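Next come the chains, spelled out residue by residue.
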Amino acid sequence: TLLAFATFSLPASAKEILFINEIVASNATGITDVMGSHSDWFEIYNPNPYQIDLAGYYVSDNANSPAKFQIPSGPDSPKIPANGFIILWANSTPERGKNHTSFGLGAGGEDLVLYSPALEFIDGISFGPQTADVSFGRQQNGGSSWVYFSTTTPGATNANGVILQKLGPPTF
């Protein structure tokens, strides 16, 4: 089986450098949100030596609809620490809190994009079918190679992840 995915490159006009770093589009038994739900999630990595406030940024599961969900503003808005990570829950329940989006991730594959408050493209991934409780992430934080991790690394460096070799169906 050939698994295809595409990454999108960062344009020079984007204000900040951030990376969609890891995704779980089928969370059956992994980490849980504040309500105890096994929701889909994705991680954003901040490689900068300063904190970034995500207030007003946009995330979407549709590259043709970048403004699908705007991250809430205010004193309690989500912030990514310098050289750090943040988890956003993709469970279509933004009423659960500042780190919850209005869309879920399709285990069959789809897009995930991140835009600045001015709707400048920052990062994105188009991923194929996903396996329950296996994450798809950058082999090195912010790197260009994507791999499957049998041990997810939510909110932490991907360097500690256990890479899973996905094999195609056997041929006889």
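Residues numbered from 1 in each chain as written. Predicted model: local features only at pLDDT ≥ 70, side-chain atom pairs only at ≥ 80, totals over all residues. Heavy atoms only, no water.

Peer 1: What am I meant to see in the pairing of strand β12 (residues 146–151) here?
Peer 2: Bridge count between strand β11 (residues 135–138) and β12: 4 bridges; the pairing is antiparallel. If you follow F136 over to β12, its bridge partner there is Y148. Where β12 and strand β13 (residues 162–164) come together, 3 bridges link them in antiparallel fashion. The residue of β13 that forms the bridge with F149 is I163. (Pairing = 2+ DSSP bridges. Helix = DSSP H or I, 4+ residues; strand = E, 2+ residues; numbered from the N terminus.)

Peer 1: I'm lost on the pairing of strand β9 (residues 110–115) in this one. Help?
Peer 2: Moving residue by residue along a regular strand, the side chains alternate between the two faces of the sheet. The buried fraction of β9 amounts to 6 of the 6 residues, a majority that puts the element mostly inside the structure. Pairing of strand β5 (residues 58–60) with β9 involves 3 bridges; the strand directions are antiparallel. Considered in β9, the bridge of S60 is made with V113. What sits between the antiparallel neighbours β9 and strand β10 (residues 121–127) is a turn of 5 residues, in which L119 has the positive phi angle 60°. (Buried < 20%, exposed > 50% of the residue type's maximum accessible area, 1.4 Å probe, protein only.)

Peer 1: What am I meant to see in the packing of aromatic side chains here?
Peer 2: Given two aromatic rings, their pairing is described by the distance between the two centres and the angle made by the two planes. All told, the structure shown has 5 aromatic pairs when counted by the stated rule. Between Y45 and F85, the ring centres sit 5.1 Å apart and the planes meet at 25°, which makes this aromatic pair stacked. Residue Y45 is found in strand β3 (residues 40–45), and its partner F85 is found in strand β8 (residues 85–90); the two are separated by 40 residues along the sequence. An identical accessibility class is assigned to Y45 and F85; each is buried. Arranged with centres 4.8 Å apart and planes meeting at 35°, the rings of F136 and Y148 form a pair that is tilted. (Phe/Tyr/Trp six-rings, centres within 6.5 Å; stacked < 30°, edge-to-face > 60°.)

Peer 1: Looking at this structure, I do not really get the pattern of salt bridges. What am I missing?
Peer 2: Pairs can form between side chains of opposite charge whenever their charged atoms are close. All told, the structure shown has 5 salt bridges when counted by the stated rule. The partner of D53 in a salt bridge is K79, with the nearest N and O atoms 3.8 Å apart. With D53 in strand β4 (residues 52–53) and K79 in strand β7 (residues 79–80), this residue pair connects regions lying 26 residues apart in the sequence. When its relative accessible area of 31% is taken as the criterion, D53 is described as partly exposed. Note on K79: relative accessible area 30%, which makes it partly exposed. In this structure, the salt-bridge partner of D61 is K68, at a minimum N-O distance of 2.6 Å. (Salt bridge = Lys/Arg side-chain N within 4 Å of Asp/Glu carboxyl O.)

Peer 1: Any chance you could explain the nonpolar core here in plain terms?
Peer 2: Taken as a class, soluble globular proteins show a tendency for nonpolar side chains to be buried jointly. Within the largest apolar cluster, 27 residues are counted, with the highest numbers of intra-cluster contacts made by L18, F42, I44, L54, L105 and L112. Listing elements by their share of this core, those giving two or more residues are β2 (19–24), β3, β8, β9, β10 and β12. In this view, I44 contacts L18, F19, L54, I80, G84, F85, I86, L88 and L114; residues no more than four positions away in its chain are not counted. (Core = buried A, V, L, I, M, F, W, Y, C linked by side-chain atoms within 4.5 Å. Contact = heavy atoms within 4.5 Å.)

Peer 1: Would you take a moment to explain the sheet that holds β2 for this structure?
Peer 2: The pairing of strands in a sheet comes from backbone hydrogen bonds and takes either a parallel or an antiparallel form. Strand order in the open sheet formed by 6 strands is β8-β3-β2-β11-β12-β13, with antiparallel pairing between adjacent strands. Each edge of the open sheet is held by one strand with a lone partner, namely β8 and β13. Pairwise comparison of adjacent strand axes, ignoring direction, gives a mean angle of 35° for this sheet. (Axes fitted to C-alpha atoms, helices over the stretch in contact; angles between N-to-C directions.)

Peer 1: Can you walk me through the environment of P94 in this structure?
Peer 2: As for its placement among the helices and strands, P94 is situated in the loop between β8 and β9. The exposure class assigned to P94 is partly exposed, which follows from its relative accessible area of 34%. Remark: the alpha-carbon pair of P94 and F69, spanning 25 residues in sequence, is separated by 9.3 Å. Apart from residues lying up to four places away in sequence, P94 is in contact with F69, H100, T101 and S102.

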